[in-house]
Amino acid sequence: MSLHTFAQKVLQLVVVLLVVTFFSFCLIKLIPGDPVSKIIPFGTNLQKAQLRRDLGLDTSFISQYLTWLRDILTGDFGRYYNNNASVSSQLTKSLPVSLELMVYAQVFAMLFAIPLGILTAYRSGSKFDGATNTIAFGLLALPNFVLAIILAVYVGAKWKLLPTQSTLDPFPLSPIDNWRYMLMPTIALAVGQIAVYLRLLRSDMIATLQEDFITTAKAKGIPNRKILLKHALRPSSLTLLTVAGLNVGALIGGAVVIEVIFGLPGLGYRIYQAILAREYVALQSYVALIAIAYVLVNFAVDVLYSVLDPRIRHVRAAA
Amino acid sequence: MSLLRRRRSTEFIPAADRYPVEPLAGALLEVTDIRTHFETSRGLVRAVDGVSFSLERGKTLGIVGESGSGKSVLSRSVMGLLPKNGVVRSGSIRFEGRDTSQLAPDDQRKLWGTQMSMVFQDPMTSLNPVMKIGNQITEPLLYHLDISKSFARETAVSLLSSVGIPEPERRMKQYPHEMSGGMRQRVMIAIAIACGPKLLFADEPTTALDVTVQAQILDLLQAQQRERFMAMILVTHDLGVVAGRTDEIAVMYAGKIVEKAPTRTLFSQMRMPYTEALMHSIPKLSNPSHTRLNVIPGRPPDLVSPPKGCNFSPRCPYVQDKCRKEEPPLVRAEAAGHEYACWFPAGTPQGRAALERNVVAGAMSGVTAETVRVGTTPIGGGIKSGTTTTAPSTEGST
Amino acid sequence: MSEQRRNPANPVALPGKDEGTASERLVADSVLGGMPADSATIQEAAITAMTASGRARKRAKLGVAAWLAIFWMGLLVFCAVFASLLPLADPISSTDAAAIGKGSSADHIMGVDSIGRDLLSRVVFGIRASLEIGVGSVAIGFVVGGFLGLVGGYFKGRLGSLIAGLLDTLLAFPALILALAIVAFLGQSTLNITIALAIVATPILARISRASALSWSEREFVLAARAQGAKHFRIIWREIFPNVLPAMLSIAVLGIAVAIVAEGGLSVLGVGVKLPTPSWGNIIQGGLPDIRTAPNIVLFPSMVIFLTVLSLNYLGDVVRARFDVRESGL
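Residues numbered from 1 in each chain as written. Chains lettered and ligands numbered in written order. Predicted model: local features only at pLDDT ≥ 70, side-chain atom pairs only at ≥ 80, totals over all residues. Heavy atoms only, no water.

So, the interface of chain A and chain C
On the side of chain C, 53 residues touch chain A, which itself brings 63 residues to the contact. It is Phe 137, Ala 141 and Phe 145 of chain A in chain A that bury the most area against chain C; as a group they hold 12% of the surface buried on that side. Class assignment of the residues belonging to the side of chain A that touches chain C gives a composition of 42 nonpolar, 14 polar and 7 charged. (Contact = heavy atoms within 4.5 Å. Buried area = accessible area lost by both parts, 1.4 Å probe. Nonpolar A, V, L, I, M, F, W, Y, C, P; charged D, E, K, R; others polar.)

Dropping the structure here:
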């Protein structure tokens, strides 16, 4: 990627970030009626006036946004109004948990999807391929919260194989305990992804395996295993990478339901609590943060994409 | 160390030591009655249907035919590159006296690259787009030969320069899309000859290239072949390509060899009307401009249900009733090594008589005695479409 | 993904699992069992096989699985419309305390919920809310997104890039969080959930229609229409829209499934459809506290969601296969 196109992309990124944060900021305006009386319905007049000043409701809309944005950028994400805890202190505890879960889920999904995708493409049309695809199609239709509930009830509560409802604070315990708490949420999140990744990789791989350069590799006398991994996998993994990249962003916050069901104190769980407690300021900060993270991850994927496929690098440089 | 130096001094590694070498006597490749049929929803496609030939070390065999004649499938069958599923194969392929058609996949793979290799038709798609040129050349070297990475690199650089690529060091780091079609085909050739195969298949190596570089690539193939004493099977649809570059030519039609002869003999005494028609279809520089291009009327037969009798009969200007009923066997001609399959061979009294009859009978309204010159040196004229009454005149429909 | 052609000989075959005809398989076949037979002969055979039966196949009858999916969706719609005419207990007020915790019985096929209301009745009445949200949000997204996409794809000037930028930004929001935030801030009601999910669906559908409109507006027949002096709106409506429709439909069908699941997720988080109105999501949510003693409360609606999503996914694939929508173009 040339410097010029990179600069263009960065510029785009900044614009998107501004708009995304602006939308997040506008969320609080969605609250019907007076936000202050919604946030602290039982507050004293003094507290209400303080909050009104905090939210900048006495200034113009744009300057409210700019103040809010400056606060966000300097790490001031507001505070909870019930107990005066700062959002950032919650964040430093919960974000690692969510990131950990996201990474585990992605790694877990890839660990299954990549070998299965390669194998089903290699043996496309076989019984193994058919069975794998049928199962994948079924898993696609299984909402992850249903799987999570089933896991939590049977594996967790009934058979007591793995713990749920970690209300432990701080969360990351010893590595073993950590894993025991993470395993079920990881599976619940990953299963659907396995199906998606598997299908993507399989269809791209089938297309790649029909390419002439695979025949060339074969005619070189290279064994099939090497051809699959060295020649076919990389050109087939671009769609997979894009979708996985999008999921990284989506999963940072998208695991809300899973975190709530398993009682995992991650970002999603905090969001859930904020909704229940009507902590709109905290909620707004969380949403903005997740949106920012999502945009940044997508940007990184975009850059990585052109590293993986020199043709794209070439086309983009030419364009 | 001395070994290394010795290898470095030779630009190229003889790779015979990994394979039991038979005495040099005997043909390098002997193919007997091979058949390759594909199972399709329409029925069995007889892509190769009983082909035999042999090839000496260091010699070149040209396989010529229209698209759909089975020539590409033949070369892939011989090399063993076709899929296992849905393919019915029979016949024997003896490479250095060993039957390779019955080899297990792993044993067959040991032959590829080191004993036989292939240059493919389209260099634009035959190179891995996401792998550097250098790695694509060193890959078979590192896999088949027990050499170090740095030595493989050096070998690859010298291979690139030997196939006429300037600045080979720089090219090593490039990706295929940074090169022209001709350059890529040179790279393909470098890959194919990297491990010093004894037999090189060139499957329409110039069809996808610019006319201006076609001759260069063919010359390069020929030069490499001589230098390395490889045998080569050159597959093409263009008789002009094989004319000066092969020792022997086999003409294929509908999955069968219909004429085979040493190159000179073929051009001076062609017997099969199909060969003659192929010959006519080459545009001549000596023709006045705007001369109508000669085409072979009709189209290649359906390989699922080929016509009765001689496969070429529906398109043949010499066709007689016998041709439509009985399939002509491959018979020997007077000249050594010359075989053909025709009841009324061109350039013989029977052939002349057959053609005469057709013209007189007026069954072929588009053909006049003047346009179909009987003989071996055609001068202009045209076999226009509509010469046959049975074949559909839908050229270029594929 | 263009290999989604279905095999009529095997009606139960899933669209994703394509067996193809022998010749297609040969060409498509896993190379490493040999190599792609790309010779002219085979290609020709494959082409003739595909053009001969391929066109017929597109018009071929729907398979058993597709009919099952259609039947299931038809059943849901029927039940949703005529729920009050069906012989069911009232989903909100009628309770049978004796049946609590007893599981399935003759009186209550699915059992009763935690306060003794007939679960089957609640699930059947729950179709209304779930379908309303699923179909409603996608319909809004379809109209708004489709319009934005068509206009953005057809007018390539400033308007086009403005719309493209807007869509990119909307897509930059993580979907579920966006929906969750909107419902949390707006207040939970069926309408607000529908609006929230519509906001999520709009940019997705708009992107599909824009990408498709972009390529179609380059075609000769559009140029021809323009050359004849047709108005822009007419060209978009008469020439481009019909061609963009299949791609949008296949995604919209999948979108309904996603929206139904999303409603379930929102309910589990406590911001789904407000009680006592039943929706599949809030029935599951209501069953969570008693799941160990009465798992049926959670499992039955979960199963219904699963079957619905399965049907919709399948139908989406069928639409895509029939109209040969290529995902790469999206």
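Details of the pattern of salt bridges
Across all of its chains, the model carries 22 salt bridges over all chains by this definition. Close ionic contact of Glu 139 of chain B with Lys 220 of chain A constitutes a salt bridge, the shortest N to O distance being 2.9 Å. Residue Glu 139 of chain B is found in helix α5 (residues 133-144), and its partner Lys 220 of chain A is found in the loop between α9 (212-219) and α10 (224-236); the two belong to separate chains. Lys 220 of chain A carries the same exposure label as Glu 139 of chain B, and that label is buried. A salt bridge links Asp 321 of chain B to Arg 324 of chain B; its shortest N-O distance comes to 3.4 Å. Of this pair, Asp 321 of chain B and Arg 324 of chain B both sit in helix α13 (residues 321-325), 3 residues apart, which is roughly one turn of that helix. (Salt bridge = Lys/Arg side-chain N within 4 Å of Asp/Glu carboxyl O. Helix = DSSP H or I, 4+ residues; strand = E, 2+ residues; numbered from the N terminus. Buried < 20%, exposed > 50% of the residue type's maximum accessible area, 1.4 Å probe, protein only.)

Let's talk about a nonpolar patch on the surface
A cluster of nonpolar side chains, Val 77, Phe 78, Val 81, Phe 82 and Leu 85 of chain C, forms an exposed patch at the surface whose accessible area comes to about 490 Å². Look at Phe 78 of chain C and you get partly exposed, because its relative accessible area is 43%. (Patch = residues over 30% accessible without salt bridge, like charges linked within 9 Å, V, L, I, M, F, W, Y side chains within 5 Å. Areas by Shrake-Rupley, 256 points an atom, 1.4 Å probe, with all protein chains shown as cover.)

Considerations on the environment of Phe 112 of chain A
Residue and element names in this part refer to chain A. Residue position: Phe 112 is located in helix α5 (residues 87-122). Assessed through its relative accessible area of 40%, Phe 112 is described here as partly exposed. For the pair Phe 112 and Ile 271, spaced 159 residues apart in sequence, the C-alpha separation works out to 30 Å.

So, the sheet that holds strand β12 (residues 339-340) of chain B
All names here are of chain B. Strand order in the open sheet made by the 8 strands is β6-β7-β8-β3-β9-β10-β12-β11, with mixed pairing throughout. Of all strands in the sheet, those with a lone pairing partner are β6 (116-119) and β11 (331-332), marking the two edges. Packed onto the sheet, helix α9 (residues 211-228) meets β3 (60-64), β7 (199-203) and β8 (231-236) and runs at close to 160° relative to β8. Helix α12 (residues 273-280) rests against β3, β9 (248-253) and β10 (256-262) of the sheet, and its axis sits at about 100° to β9. (Pairing = 2+ DSSP bridges. Axes fitted to C-alpha atoms, helices over the stretch in contact; angles between N-to-C directions.)

Purely geometric numbers; function is a separate question.
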